[in-house]
Amino acid sequence: MMELIVLTVFVVGLLVSGLTMMGVLVAAGAAAVTMLLLSVLGIALKLLPWIIVIGLAVLAYRYYCRDTGRNAQYRNWRR
């Protein structure tokens, strides 16, 4: 929601300063894309600890829960 308020104030400021409509649209598009990319980066950094935990859990599962029976030998033969 904060991004929309900032974008609105930015566009209004450009319109008041006398920029052409095409210039305002280009600047608003560039600002929207920049804010979107920075928001995605922020979310990824916020979720990074959970991503690491999930990766470690997958590695531990693969290491400790290997198939050693007849099915594993059959699966390896088929590859």
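- The name recorded for the protein in an unreviewed UniProt entry is Envelope stress response protein PspG, from Vibrio ostreae.

A few points about helix α2 (residues 21-64)
Right, so step 1: Spanning 44 residues, α2 covers 62 Å between terminal C-alpha atoms, matching the ideal 64 Å at 1.5 Å per step.
Right, so step 2: Where α2 bends most, at leucine 48, the angle is about 50 degrees, and the proline proline 49 comes one to four residues later.
Right, so step 3: Looking at α2, one finds that the buried residues are Val24, Ala28 and Ala31.
Right, so step 4: Residues of α2 that are buried in the fold lie against α1 (2-17).

Points about the UniProt feature "transmembrane region" (unreviewed entry) in the protein
Right, so step 1: Listed under "transmembrane region" (unreviewed entry) in the UniProt record, and renumbered for this structure, are residues 37-61.
Right, so step 2: This span, residues 37-61, is 100% helix and 0% strand, and a straight line between its end C-alpha atoms measures 34 Å.

Here's the deal with a nonpolar patch on the surface
Right, so step 1: On the surface, Leu38, Leu41, Ile43, Leu45, Leu47, Leu48, Trp50, Ile51, Ile52, Val53, Leu56 and Leu59 cluster together to form a nonpolar patch covering roughly 1,200 Å² of accessible area.
Right, so step 2: Relative to the helices and strands, leucine 59 resides in helix α2.

Analysis parameters
- Residues numbered from 1 in each chain as written.
- Predicted model: local features only at pLDDT ≥ 70, side-chain atom pairs only at ≥ 80, totals over all residues.
- Heavy atoms only, no water.
- Helix = DSSP H or I, 4+ residues; strand = E, 2+ residues; numbered from the N terminus.
- Expected span 1.5 Å × (residues − 1).
- Bend = angle between axes of the 7 residues up to and from the residue.
- Buried < 20%, exposed > 50% of the residue type's maximum accessible area, 1.4 Å probe, protein only.
- Contact = heavy atoms within 4.5 Å.
- UniProt positions renumbered as here; feature names shortened; annotations may be inferred.
- Patch = residues over 30% accessible without salt bridge, like charges linked within 9 Å, V, L, I, M, F, W, Y side chains within 5 Å.
- Areas by Shrake-Rupley, 256 points an atom, 1.4 Å probe, with all protein chains shown as cover.
- Salt bridge = Lys/Arg side-chain N within 4 Å of Asp/Glu carboxyl O.

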